[in-house]
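Each chain is listed here by its residues.
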Amino acid sequence: MAGYSNPYVLLMFPELGDDVSVLMRNPQLLPPKDITPKDVPLDEHGQPLDPQQAQEAMYEVIARVIVAWKVYDASQTAPLELGEDVDPVALFESLNAVHDSQPRLGPVTVENVGRMPMRIINRVMEEIGRVADPQ
């Protein structure tokens, strides 16, 4: 069969949930334009003038490489109203008992990438970063 081996990378996150996963295009096989963020203005120290703009530029890259995902929107948790004498253990157990109510993120978009857990964003960026620094 002709073509590249391993055109996709499947990332599993069992520490986050039994069925949390991301399928992405293999960054090692992508042209530079697909994994290079758009330019953002930098200050004299090489730092982005607008960190939000730089972050969104990276989210665009992530959205381009992800093919499919089974990721949940943890940002949709209801605010907690706690009394002064709250028991952290009991609260922890009750909150974990209702974790099934988290909705899945919808389609792969820049906005939804920004709602992914940092653990997943960091892992995707690690895969992309291996291309830039193969050490």
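As a reminder, the structure under discussion sits directly above these lines.
As the structure is a prediction and not an experimental result, all values here were calculated from the model. (Residues numbered from 1 in each chain as written. Predicted model: local features only at pLDDT ≥ 70, side-chain atom pairs only at ≥ 80, totals over all residues. Heavy atoms only, no water.)

Trainee: So what's going on with the side chain of Ser21? Residues and values would help.
Mentor: By the element assignment, Ser21 lies in strand β2 (residues 21-25). Here Ser21 falls in the buried class, since its relative accessible area comes to 17%. Beyond its immediate chain neighbours, meaning those up to four positions away, Ser21 contacts Leu10, Leu11, Met12, Phe13, Trp69, Lys70 and Val71. (Helix = DSSP H or I, 4+ residues; strand = E, 2+ residues; numbered from the N terminus. Buried < 20%, exposed > 50% of the residue type's maximum accessible area, 1.4 Å probe, protein only. Contact = heavy atoms within 4.5 Å.)

Trainee: Tell me about the nonpolar core, residues and numbers included.
Mentor: Residues Val22, Ile62, Val65, Trp69, Met116, Ile120 and Val124 are the most contacted members of the largest nonpolar core, which totals 23 residues. Where this core is concerned, the elements lending two or more residues are β1 (8-12), β2, α2 (51-65), β3 (66-70) and α5 (118-132). Ignoring any residue separated from it by four or fewer positions in sequence, one finds Trp69 in contact with Ser21, Val22, Arg104, Leu105, Gly106, Pro107, Val108, Asn112, Val113 and Met116. (Core = buried A, V, L, I, M, F, W, Y, C linked by side-chain atoms within 4.5 Å.)

Trainee: Tell me about the sheet that holds β2, residues and numbers included.
Mentor: One open sheet accounts for 3 strands, arranged β1-β2-β3; its pairing is antiparallel. In this open sheet, the two edge strands, each paired with only one partner strand, are β1 and β3. For this sheet, the mean inter-axis angle between neighbouring strands, taken without regard to orientation, is 10°. With 4 bridges joining them, β2 and β3 adopt antiparallel strand pairing. Note that in β3 the partner of Ser21 across the bridge is Lys70. (Pairing = 2+ DSSP bridges. Axes fitted to C-alpha atoms, helices over the stretch in contact; angles between N-to-C directions.)

Trainee: So what about the environment of Met58? Which residues, and what values?
Mentor: Mapped onto the elements of the fold, Met58 is located in helix α2. C-alpha separation for the pair Met58 and Val113, spaced 55 residues apart in sequence, amounts to 9.6 Å. Ignoring any residue separated from it by four or fewer positions in sequence, one finds Met58 in contact with Pro37 and Met125.

Trainee: Give me the lowdown on the side chain of Glu127, citing residues and values where you can.
Mentor: In this fold, Glu127 is placed in helix α5. Look at Glu127 and you get buried, because its relative accessible area is 8%. In this view, Glu127 contacts Val9, Leu11, Met24 and Pro27; residues no more than four positions away in its chain are not counted.

Trainee: Give me the environment of Asp73: which residues, what numbers.
Mentor: Take Asp73: it is sitting in the loop between β3 and α3 (88-97). For the pair Asp73 and Pro103, spaced 30 residues apart in sequence, the C-alpha separation works out to 5.7 Å. When near neighbours in sequence (up to four residues on either side) are disregarded, Asp73 contacts Gln102, Pro103, Arg104, Leu105 and Arg115.

Trainee: Could you give me a rundown of α2, with the residues and numbers involved?
Mentor: End to end, α2 covers 22 Å across 15 residues, agreeing with the expected 21 Å (1.5 Å per residue, within 8%). Those residues of α2 that fall on the buried side of the exposure criterion are Ala54, Ala57, Tyr59, Val61, Ile62, Ala63 and Val65. (Expected span 1.5 Å × (residues − 1).)

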